[in-house]
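What follows is the residue order along each chain.
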Amino acid sequence: MININGFLKKDKDKLIFTLGSEVMAMTHRHFINAPSRPVWATVDQAPVLILGGIPEEKMILISDSSFREISLVELNIDSCWLGSLQCPQEHFTASIFDTISTESVLFIRQNQLVYYFTGNYSHFPQKATRNWIQVLHKRCIKKLCPVELHGNGSEHILALAGGNEEGFFYLGTIKDATVTFKQLPLSSSICATFQDPKCSLHWVIYDVHEDIFLLLMELGKEGHTTFSIVQYVLVSNDYHHDSVQLLYKIPRFIPEGKKASFVMLLGMEEYTDSLLVPKGLHYNPFSNLLYIWGNAILQSYDNKNYIYLDDFPKESSVKYMASSYKGEVICVTENEEIWFIVEGSFKVHRLYPSDGWQMLFTLSQMQASSLYSTNETSVSIFYDNMGPQQLVYLINKKGEGKLVTRPLPVSQILVYQLLSLTTYKISTELPLETLSYNNPCPFEVLQLRDLPNPQRYTRVERYRALPPFVSSDAGFHTKVSLAIYQGLVYHLLWLHSKYNKAYADPVHDPTWRWWKDKKKHKDFFFYKASNFESMYGVHIEMDGYEKLYKLNAQNRLPEYIYLDKGATYSFSIYLVSPKISYTIGKQKRHLRLAVIMADPMCVSATVKEQALVNRNAMLFQVSVKDKSQCFKQSISGHNLRKTALHIKVVGSVGKCFVRTRYGHLMQGTHMIRIYIGCPPRKRLAFDFTMTVEQNRRINKRYFDCVHKEDEMPCFLFSDSFFPFFLIQDMVTGESGSFNGSYVLKVIGGGTSKHNIVDYSEADIYRYNSPKDNTDSLIWTVRDNWMDHHSFSILQHNKTGIEWLCLKNSPCHDVVPHSFYSPEFFFKIMVSNRDVDTSSYCDYQLTFLLHVHGLPLSPQRALFFLWVTLFAALSFVFFYLFSCFLWPRLKSCWIFIKMKFTDLITEESFYTYTTSATSVPSMVSSRLSAGERTSVRSRSKKKI
């Protein structure tokens, strides 16, 4: 947040205003009001100038030379609070005094009122009242302070209270575009703690990771006040108790300077008659360097002992500071002077105005550069990924103005500055007169040697994705080939995100599954492409899509490194200089290497030097090692502790430069930011391949499920289970066996993958703790070694798991759904938290384990036995019945059938003879008995 002091006046179609000491004018048809004070902010990584106006209460947004006018009233901003006895207001204005932009929220302060905006910054709506929300209602806010570095997934902002609330401040937390404020201190204000008649809070700095606030306070009585640095700490995690401590009283007067460019403030130094008026604080959490800036600059590494930088003139006053958090700081004064400081050095370099700046400006004019103009005004200076940048307002010869962001070439300006100060001499000893210049740099050559591969320490993952080969005659890409290439890159990113899974692949590479079944046809595809017969005229080289693991350091130190527990980072520095001289029995060195550790209790550094007399050089071997004392355990890439290593060749700051294709770069000084903790992209994975092999070797057998799955093997219930795990480094590609201790818990389960149930904390204890007495244990180990939560601690390749599934466990008495044995899916969580001291990493892994062959309960087994016995006996009975009794039953059945047939036939015959005519009856009556028998026999044969 940068305020630009100056008046603005509306004059016909021109907007006249002052920036610093310059009087500027802008022309734009949208300027229909008279803004009073402009404010610069950075939104969406783009420069934005916000202008507030009177009396229409308008806000002008200037971005990339475009102008938009927004009324603070369809925005629903109520700025009519004129003040009260509790919150006195000297004068009322519609100007926006403070603007602070985070990644998701824009804050503004108008008088005592604070509003924030969520949404797309580049498209401020004209009619969107709901997007502007007022916070801290009925609070007297006098200033907004930024928290530039956020952590733990949240952003922060600080609001300082005034009036009757003087001594209080509010910590704003932004998470998922939701803003909440908390008043601090909790019990009473800072002013109530010191009980001084005059008390004012001017600035607050919040160290997110240490949870410490540093306050710039003005204490004393009217007419005789002193500034002090106060530390405020929330002692307990539940934020119910706080602590206030006075760290340092800033001298009332500016110290008397000396020739050493700095003065150590020990209380015995001499002072000038000029009052020391601090305005703000700046803190680098990596180097632990605190700056107090105002009309003097003080610095301290412990917040208690300070050094006064004498090169900064007391006639100037710092307006704001911009830091790269890489060891460089830029100060801008009220009269637009630009000063440059290298951390670890006491020298303050003036960049503007200076001879170096004038030379840079003159050369740019000779090159007809569009980034420089004779009529320009600096608006703001800030750092981005490309280094220091300067936002300037340029007016060309036609009177047209525009905002331009240009690089601020600090090294180039210092080089030109050195050229103006370089001395020379003419030697007449040789036959010809020789002109020689004095080189202020203490060395001639600086080389970095023995640099390790950077990926292990920088944790940056890299892939190779070559575009497909186009087999057309012209060789140019088409829409089809570009679409195919886009799809390939998208698929590569998808494989990258999918690779973080519980089961480890046999090959530790996300691209392995992509080509594992196609590489055997690699020559065939190449043959088709060589003969211009590939599909769509595009050939994809399979080896062109892979993950890169072994990259060289390219002769430069990294900007940051990650150190795990006990990790070491080593390298060498080779210096050549003609200034090294030697005496008999004693070495006289003109080259010295200084190594500054921000936290010597956490990280140690050793430097071994070797004098190479025949090369007139020095070799320094630097080694940085974590001392395993400042961090406990955390998940990968979270809650890392910040510290830094500052390396410099003594006497080289601002004097040694090297020319590259990117311009001049400063040599001899470098700050490496260090993150202590569990490095990102390290994970624990279940090594099912090794687990199957070892279980087969130990149990002398292995029975897989009937229906096999490639990525989820089965394990038999009656066999001892020996799990194996891998520590996979997703950045370097290394994959090794996890040899530490861990805790294994069954946290869920089910009879299939589709009905997994998560257990409660109480159930997890009953199912996993050896101290459970409710007959609920699912598993046990022979050698029980428990943690403080009464869970078993397992060790690599030493502890075998025996499955129990007691009667009150969820895997007890599982009913089989087929003819195969019962099976169960266990949801298992493995963690090394608080039981493994070999690493800072808190590994947590959750995976499914398929176990088959579970036993039945005695009751169900007896029931199944009786059912099986009944079925077996029934089968035997029916078999014997069919073998011995069936023939007799068949004969009896045939006999009964014949008898039944005869009976039916005889009845039918007599019925027929009764219904016959008289003639047959008479004939029948005359037949003899033998004849009647013959007729009956013939009838039976017919039937």
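Residues numbered from 1 in each chain as written. Predicted model: local features only at pLDDT ≥ 70, side-chain atom pairs only at ≥ 80, totals over all residues. Heavy atoms only, no water.

Under an unreviewed UniProt entry, the chain has the name Cation channel sperm-associated protein subunit gamma isoform X10 and belongs to Phascolarctos cinereus.

Draft legend 1. The side chain of Ser300, seen in detail. As for its position among the elements, Ser300 is in strand β26 (residues 297-300). Take Ser300: its relative accessible area is 1%, and that puts it in the buried class. Within the structure, Ser300 has its side chain in polar contact with the backbone nitrogen of Asn303 (distance 2.9 Å). (Helix = DSSP H or I, 4+ residues; strand = E, 2+ residues; numbered from the N terminus. Buried < 20%, exposed > 50% of the residue type's maximum accessible area, 1.4 Å probe, protein only. Polar contact = N/O pair within 3.5 Å; in protein donor to acceptor, adjacent residues only side chain to side chain.)

Draft legend 2. Spatial organisation of the sheet that holds strand β31 (residues 348-352). On the basis of which strands lie adjacent, the open sheet formed by four strands has the order β28-β29-β30-β31 and antiparallel pairing. One side of each edge strand has no neighbouring strand; the edge strands of this open sheet are β28 (318-323) and β31. Averaged over all adjacent pairs, the angle separating strand axes in this sheet is 25°, with direction ignored. The pairing of strand β29 (residues 328-333) with strand β30 (residues 338-342) spans five bridges and is antiparallel. By the bridge assignment, Val332 is partnered in β30 with Ile338. Strands in contact with helix α3 (residues 410-421) are β29, β30 and β31; relative to β31, the strand with the most contacts, it is inclined by about 100°. (Pairing = 2+ DSSP bridges. Axes fitted to C-alpha atoms, helices over the stretch in contact; angles between N-to-C directions. Contact = heavy atoms within 4.5 Å.)

Draft legend 3. Here's a closer look at unusual backbone geometry. The omega torsion across Leu184 and Pro185 is -5°, close enough to zero to call that bond cis. Note that Pro185 resides in the loop between β16 (178-184) and α1 (190-194). A cis amide bond links Tyr352 with the next residue in sequence, Pro353, at an omega value of -10°. Along the chain, Pro353 turns up in the loop between β31 and α2 (355-366). With phi around 55°, Tyr325 is a residue other than glycine that occupies positive phi space. In this structure, Tyr325 sits in the loop between β28 and β29. The backbone phi angle of Asn555 is positive, close to 55°, even though this residue is not glycine. Residue placement: Asn555 occurs in the loop between β41 (545-548) and β42 (560-563). Taking relative accessible area as the criterion, Asn555 reaches 49% and is therefore assigned partly exposed.

Draft legend 4. Quick peek at the side chain of Ser634. You can see Ser634 is positioned in the loop between β48 (617-626) and β49 (641-649). According to the relative accessible area criterion, Ser634 is buried, its value standing at 5%. If we ignore the near neighbours within four places in the chain, the residues touching Ser634 are Asn639, Cys678, Tyr840, Cys841 and Asp842.

Draft legend 5. How the structure looks around the environment of His638. As for its position among the elements, His638 is in the loop between β48 and β49. Note: C-alpha distance between His638 and Gly151 (487 residues apart in sequence) is 8.9 Å.

Draft legend 6. Summary view of the UniProt feature "transmembrane region" (unreviewed entry) in the chain. As annotated in UniProt, the feature "transmembrane region" (unreviewed entry) corresponds to residues 863-889 in the numbering used here. The span residues 863-889 carries 100% helix and 0% strand; its end-to-end C-alpha distance comes to 35 Å. (UniProt positions renumbered as here; feature names shortened; annotations may be inferred.)

Draft legend 7. Expanded view of the packing of aromatic side chains. Across all of its chains, the model carries 39 aromatic pairs by this definition. With a centroid separation of 5.6 Å and 85° between ring planes, the pair formed by Phe286 and Tyr675 is classed as edge-to-face. Residue Phe286 is located in the loop between β24 (278-284) and β25 (289-294), and its partner Tyr675 is located in strand β52 (residues 669-676); the two are separated by 389 residues in the primary sequence. Of the two residues examined, Phe286 and Tyr675, each falls in the buried class. Considering the side-chain rings of Tyr569 and Phe571, the 5.7 Å spacing of their centres and the 50° angle between planes classify their relative orientation as tilted. On the basis of relative accessible area, Tyr569 is assigned to the buried category, the value being 3%. The structure contains a cluster of three or more aromatic residues connected by ring pairs, namely Tyr503, Phe686, Phe688, Phe725, Phe738, Tyr742, Tyr843 and Phe847. (Phe/Tyr/Trp six-rings, centres within 6.5 Å; stacked < 30°, edge-to-face > 60°.)

Draft legend 8. Up close: helix α8 (residues 688-699). Taking 1.5 Å per residue as the helical rise, α8 with its twelve residues ought to reach 16 Å, and the 16 Å between its terminal C-alpha atoms agrees with that figure. All of the buried residues in α8 are Phe688, Thr691, Val692, Gln694, Asn695 and Asn699. Looking at the packing, one finds that the buried side of α8 touches β53 (682-686) and β54 (714-716). Looking at the residues trailing α8, positive phi occurs at Lys700, about 65°. (Expected span 1.5 Å × (residues − 1).)

Draft legend 9. The arrangement of the confidence of the model for the chain in detail. Looking at the chain, pLDDT values average 81 and 83% of them are 70 or higher. When pLDDT is averaged over each helix and strand of the chain, the minimum, 31, is found for strand β1 (residues 2-3) and the maximum, 96, for β30. Low pLDDT, under 50, characterises residues 1-73; the predicted model gives this stretch 213 contacts beyond four residues in sequence or across chains. Between residues 917-943, whose pLDDT stays under 50, and residues either more than four places distant or in other chains, the model counts six contacts. (pLDDT = per-residue confidence, 0-100.)

Draft legend 10. View of the nonpolar core. Among the nonpolar cores identified, the biggest contains 56 residues, and Leu158, Phe169, Phe213, Leu215, Met217, Ile229 and Ile250 are the most heavily contacted of them. With sequence-adjacent residues up to four places away left out, Phe213 is seen in contact with Leu158, Phe169, Leu171, Leu184, Val204, Ile205, Tyr206, Val230, Gln231 and Tyr232. Of all hydrophobic cores here, the second largest spans 48 residues; its members include Ala502, Phe721, Val830 and Cys841. (Core = buried A, V, L, I, M, F, W, Y, C linked by side-chain atoms within 4.5 Å.)

Draft legend 11. Seen up close, helix α9 (residues 761-768). Ile764, Tyr767 and Asn768 are the residues of α9 that are buried. Buried residues in α9, looked at end-on, bunch into an arc of 80°, giving them a common side. Summarising the contacts, the buried residues of α9 are in contact with β57 (741-750) and β59 (779-781). (Arc of directions from axis to C-beta.)

Draft legend 12. Inspection of the pattern of salt bridges at higher detail. Throughout the structure, instances matching the rule amount to 26 salt bridges. A salt bridge links Glu461 to Lys547, with the shortest nitrogen-to-oxygen separation between them at 2.4 Å. On the criterion of sequence distance, the pair formed by Glu461 in the loop between α4 (455-458) and β38 (462-465) and Lys547 in strand β41 is long-range, its members being 86 residues apart. For Glu461, a relative accessible area of 21% gives the class partly exposed. (Salt bridge = Lys/Arg side-chain N within 4 Å of Asp/Glu carboxyl O.)

Draft legend 13. Quick peek at the packing of α2 against α3. Running from N to C, α2 and α3 cross one another at 110°; their axes reach a closest spacing of 7 Å. Relative to α3, α2 is oriented roughly perpendicular. Note on packing geometry: the crossing formed by α2 with α3 is right-handed. Residue-level contacts link Asp355, Gly356, Trp357, Met359, Leu360 and Leu363 of α2 to Gln412, Ile413, Tyr416, Gln417 and Ser420 of α3. Its residues placed into classes, the contact of α2 with α3 shows six nonpolar, four polar and one charged. (Parallel < 35°, antiparallel > 145°, perpendicular 65-115°, else oblique. Left-handed = near helix turned anticlockwise from the far one by under 90°. Nonpolar A, V, L, I, M, F, W, Y, C, P; charged D, E, K, R; others polar.)

Draft legend 14. Focus on the pairing of strand β19 (residues 224-234). Counted residue by residue, β19 has eight buried out of eleven residues, so it is predominantly covered. As judged from the seven bridges shared by β19 and strand β20 (residues 242-249), these two strands associate in the antiparallel manner. Bridge pairing in β20 places Ser228 opposite Lys249.

Draft legend 15. Broad picture of the pairing of strand β15 (residues 169-175). Taking burial as the measure, the seven residues of β15 include five buried ones, the bulk of the element. Strand direction decides the pairing type here: strand β14 (residues 155-161) and β15, joined by six bridges, are antiparallel. Within β15, the position partnered with Leu160 by the bridge is Phe169. Bridging between β15 and β16 involves seven bridges; their strand directions are antiparallel. Bridging from a neighbouring strand, Lys175 pairs with Thr178 of β16.

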